[in-house]
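Coordinate analysis (summary)
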Amino acid sequence: MWGLFFLCALVILLLLYVPGFFLVRSFSHDSLMSLAISPIFSISLYVIAGVLLGLLGIFAEWWMIALPIAVLTIGCFGISHFPRRKEASIYRNSKTGNDWLALALYVVVGVVIVGLFFVRDLNGPDSFAQLYDNASHLNTIRYMVENGNYSILYTSLYSVEEISSGIAPTVSSGSFYPAGWHVVTALGSAISGASAPIAENASLFVFMGIVFPASMALLMLKTFSDRLIVLLGSFITLSFSAFPWGFLTFGPLYSNLAAYAVTPLAVCSVASVFSVDQSKAGRLRWGIAFLAACFAFFALQPNAVFTVIVLAAPLCAANLMGSLSLAGVSKRRSGLICASVVLILALAWIVAWRLPFFEGIVTYPWPPFEGRLQALIGALDLSLRAYPSQLLLAGLVLIGAIWSLFKKKYRALTVSYAICIVMFVLCASSDGPLRSLLAGFWYNDAYRIAALVALSSIPLASMGMYVAFRAVVALGAKLKISKPIVCTVGCLVVLFGVCFIYRPSSMIGIGDDEPAFEVVDSKLIWLSAEDVRRYTVEESDFVNNALDLAKDDPGGIVNIPYDGSVFSYGSNGANVMFRSYMTAGASSEKPESVLVREHLDEISDNESVKNAAAALNAKYVLQLDAGGIGASSSSLDDGVADAEAYNGITSINEDTPGFSLLASEGDMRFYKIDG
């Protein structure tokens, strides 16, 4: 299956980079920049195609989306370059060879680190994190592939037929959900033939190991003129436990991870719009890239737009000041213009905060969990929400922040970092309107704000490593040591620092039992281990056996989502009734579903229940924890189970009239509902 994993990863990589590259190159952008920013255009194109086909009611095979987009973008490139025009690039390419080297280094380091800390920790390519949110992720991917509905406006877990006259417990035909990552992953699954779990893992590998490092490489290249800082940044990009690693072990927040992976592209684009070295045409092209990024964020996770505002506003203000000064505007007037722009941005932020559309998000009830001093210390030592301190990395960030104060063009990076620190402290330690205003667009979730701290720290830590390297070189020169030896020692110091950040000995962890990345490693191994799965290997095999028994008389399978079967649709393709934890008791739940949940065990003498089961086309019952949620043999007992809502299902046993036992193994049962 590993061959299928890497095939799917290759397919997703091509989906993300080929159409976008040719489309952006048709604008006469530089090849390197075109390649780096192509994912935001590709994602936008797939989402638009999915929405259009959905509005037309067309069942979409993968080729109906991928092939027309490939032909269209390659055609645009061919038309725009015939005859080939020699236009000035909008990308600073005085050191094009070095820039390609930097991009390659970021990708190589990214692939190696993600391979070591994600792929290696998987218990097989089809293992998956059995956390709360992942049921929705896997089932959505499976639904898109099976039903050909790639529209983010009508995201659902059930087909139209299942909703109208089938096993779906809800009357909702779907709603908007930022499922852009799911669209790309589902296309990868459909093209490669990989299952939803394999496609999910392959997609995460690509977004973390390639897309995010490549995005950060472009931002670093546009920000720093000294290429040594850029090259050192390749080792720093994935070194923060809060992102992307924290998004794997909490939630999991895969959509947000994909959005943040391309956030550096949006920061680079909007900052370049205000850059002093851009022509009018260049500003227009970067502006188009920024708008494409905003649309991609709408499809991936809208809070990324606000992330870009936080990270990019200081850079844009600094660049605007420089552009106005170059245009001959006085310093005082430039300051007033920048202050006015910041004020307008702040007012727009407040207006968005008060919009009804965001009300459920900005008031999401995540409670504060520590005092302000603790939160500040956690932000500075990078322990943040859930990991041990990263003292060496925190020291590099501090050195970079101090050094930036003496480098005017880099001060804006420290301002962004300081804003993120304030946001995290308020989110972690307080409650009320101010916290909602600053952190509400991220659900008042400290995990997501911690990721902002990590993103803003990457350039600073890169500068800190640069300062350390230059200090070694300066010391060697003072001691009159030959330059080759000094540079070798400097490289060894950097290498030691990188090894210490990613894989330090537990004995060196100051104040913690394990260093941060050993905790990351342990959590990822734990999430994939067989002995802690909510949906165990044995249960998955039992479901496959049950599906074989039911293949001659297919129909809906009544289940209890909390026993692990919530994953059985996405993982095994089982036509189960409850594919989400949140359906029971929802306003859109069918009355037939309520009857089945609460009274299915009465089907032999309750005509209403019998009619409800028939209306749902329910023919089977699956129990993966027949002893009951919380029993000693249960595979799920984590405090989220609401067993009482499913009394009519849990009460069924071998002696219950109206049911025939088809399969039994341990505490697992599969029944057929008698005619």
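Up top is the structure these notes are about.
Below is a short write-up of the structure. Bear in mind that the values here come from a model prediction, so they are computed numbers and not experimental data.

1. Overview of the nonpolar core
- Counting 215 residues, the largest nonpolar core has Trp245, Phe424, Trp442 and Leu600 as its most contacted members.
- Counting residues per element, this core draws most heavily on helix H8 (residues 196–223), which supplies 19 residues.
- Dropping the residues within four chain positions of it, Trp245 is found in contact with Ile113, Val114, Phe117, Phe118, Leu238, Phe240, Tyr387, Phe517, Val520 and Leu524.

2. Details of empty space enclosed by the protein
- The final tally for this structure, using the stated rule, is 4 cavities of 30 Å³ or more.
- If you add up the space inside the largest cavity, you get close to 160 Å³.
- Along the walls of the largest cavity sit 15 residues, with Leu219, Leu311, Leu413, Leu455 and Pro459 positioned nearest its centre.
- Elements represented by at least two residues in the lining of the largest cavity include exactly H8, helix H12 (263–273), helix H14 (303–326), helix H19 (411–429) and helix H21 (446–478).
- Take the lining of the largest cavity: its biggest share by element is 4 residues, from H8.
- Across the lining of the largest cavity, the residue classes tally to 11 nonpolar, 4 polar and no charged.
- By volume, the second largest cavity is sized at about 110 Å³.
- As for the second largest cavity, its lining consists of 13 residues, of which Phe118, Leu122, Ala129, Leu524 and Leu527 are closest to the centre.
- At the level of elements, H8 and helix H23 (516–528) are the ones that each hand at least two residues to the lining of the second largest cavity.

3. What to know about the layout of surface pockets
- There is about 810 Å³ of room inside the second largest pocket.
- Lining the second largest pocket are 28 residues, and of these Leu315, Ala318, Asn319, Lys408 and Lys409 sit closest to its centre.
- Among the secondary structure elements, those contributing two or more residues to the lining of the second largest pocket are H8, H12, H14, helix H15 (331–354) and H19.
- In terms of residue count, the dominant contributor to the lining of the second largest pocket is H14 (7 residues).
- Its residues placed into classes, the lining of the second largest pocket shows 12 nonpolar, 9 polar and 7 charged.

4. Remarks on unusual backbone geometry
- In the segment running from Phe243 into Pro244, the intervening peptide bond is cis, with an omega of 5°.
- Mapped onto the fold, Pro244 is located in helix H10 (residues 241–249).
- Pro252 follows Gly251 through a cis peptide bond whose omega is -5°.
- Structurally, Pro252 can be placed in the loop between H10 and helix H11 (254–261).
- You will see that Asn444, though not glycine, has its phi angle at about 55°, which is positive.

5. Here we look at the side chain of His137
- With respect to the element layout, His137 can be found in helix H5 (residues 134–147).
- Classification of His137 by relative accessible area gives buried; the value is 4%.
- In this structure His137 touches Tyr177, Trp181, His182, Glu200, Pro252, Tyr254 and Ser255, once residues within four positions along its chain are discounted.

6. Details of the sheet that holds strand S1 (residues 556–558)
- Strand order in the open sheet formed by 4 strands is S1-S2-S4-S3, with mixed pairing between adjacent strands. What marks the edges here is a single partner per strand, and that holds for S1 and strand S3 (659–665). Geometrically, the sheet is characterised by an average inter-axis angle of 25° between neighbouring strands, direction not taken into account.
- Bridge count for S3 against strand S4 (residues 668–673) is 6 bridges, and the pairing is antiparallel. When the bridges of S4 are listed, Phe659 appears paired with Ile673.

7. Here we look at the environment of Ala271
- Within the secondary structure, Ala271 sits in helix H12.
- We classify Ala271 as buried; its relative accessible area is 8%.
- Between the C-alpha atoms of Ala271 and Ala317, which are 46 residues apart in sequence, the distance is 8.7 Å.
- Those residues in contact with Ala271, other than ones at most four positions away along the chain, are Leu315, Cys316 and Asn319.

8. Re the pattern of salt bridges
- Scanning the entire structure with this criterion turns up 10 salt bridges.
- Salt-bridge contacts for Arg120 lead to Asp521; the nearest nitrogen and oxygen are separated by 3.6 Å. You can see Arg120 sitting in the loop between helix H4 (96–119) and H5 and its partner Asp521 sitting in helix H23, a full 401 residues away along the chain.
- Salt-bridge contacts for Asp445 lead to Arg448; the nearest nitrogen and oxygen are separated by 3.0 Å. You'll find Asp445 and Arg448 in the same group, each marked buried.
- Sharing partners across several salt bridges, the network here consists of Asp553, Lys619 and Lys672.

9. Describing the packing of aromatic side chains
- For the structure on display, the rule yields 41 aromatic pairs.
- Judged by centre distance (5.5 Å) and plane angle (75°), the rings of Phe21 and Phe22 are edge-to-face.
- The exposure class of Phe22 is partly exposed, given its relative accessible area of 21%.
- In this structure an aromatic cluster arises from ring pairing among Phe306, Trp349, Phe357, Phe358, Phe441 and Trp442.
- Taking the ring centre of Tyr646 as reference, the NZ or CZ of Arg597 above it sits at 5.9 Å.

10. Things to note about a nonpolar patch on the surface
- Where nonpolar side chains cluster on the molecular surface, the patch consists of Ile48, Leu52, Leu55, Leu153, Tyr154, Phe295 and Phe298 and spans about 600 Å² of accessible area.
- At 3 residues, helix H2 (residues 31–55) tops the list of elements feeding residues into the nonpolar patch.
- Mapped onto the secondary structure, Leu52 falls in helix H2.
- Using a relative accessible area of 49% as the deciding quantity, one classes Leu52 as partly exposed.

11. Some remarks on H12
- Of all the 11 residues making up H12, 10 are buried; the element is thus mostly covered by neighbouring parts of the structure.
- Within the span of H12, buried status applies to Thr263, Pro264, Leu265, Ala266, Val267, Cys268, Ser269, Val270, Ala271 and Ser272.

Rules and cut-offs
- Residues numbered from 1 in each chain as written.
- Predicted model: local features only at pLDDT ≥ 70, side-chain atom pairs only at ≥ 80, totals over all residues.
- Heavy atoms only, no water.
- Core = buried A, V, L, I, M, F, W, Y, C linked by side-chain atoms within 4.5 Å.
- Buried < 20%, exposed > 50% of the residue type's maximum accessible area, 1.4 Å probe, protein only.
- Helix = DSSP H or I, 4+ residues; strand = E, 2+ residues; numbered from the N terminus.
- Contact = heavy atoms within 4.5 Å.
- 1 Å grid on protein atoms, 1.4 Å probe; cavity = no way out; pocket = protein on both sides within 12 Å on 5 of 7 lines; lining within 4 Å.
- Points joined across faces, edges and corners; volume = space filled by probe spheres on them.
- Nonpolar A, V, L, I, M, F, W, Y, C, P; charged D, E, K, R; others polar.
- Pairing = 2+ DSSP bridges.
- Axes fitted to C-alpha atoms, helices over the stretch in contact; angles between N-to-C directions.
- Salt bridge = Lys/Arg side-chain N within 4 Å of Asp/Glu carboxyl O.
- Phe/Tyr/Trp six-rings, centres within 6.5 Å; stacked < 30°, edge-to-face > 60°.
- Lys NZ or Arg CZ within 6 Å of the ring centre and 35° of its normal.
- Patch = residues over 30% accessible without salt bridge, like charges linked within 9 Å, V, L, I, M, F, W, Y side chains within 5 Å.
- Areas by Shrake-Rupley, 256 points an atom, 1.4 Å probe, with all protein chains shown as cover.

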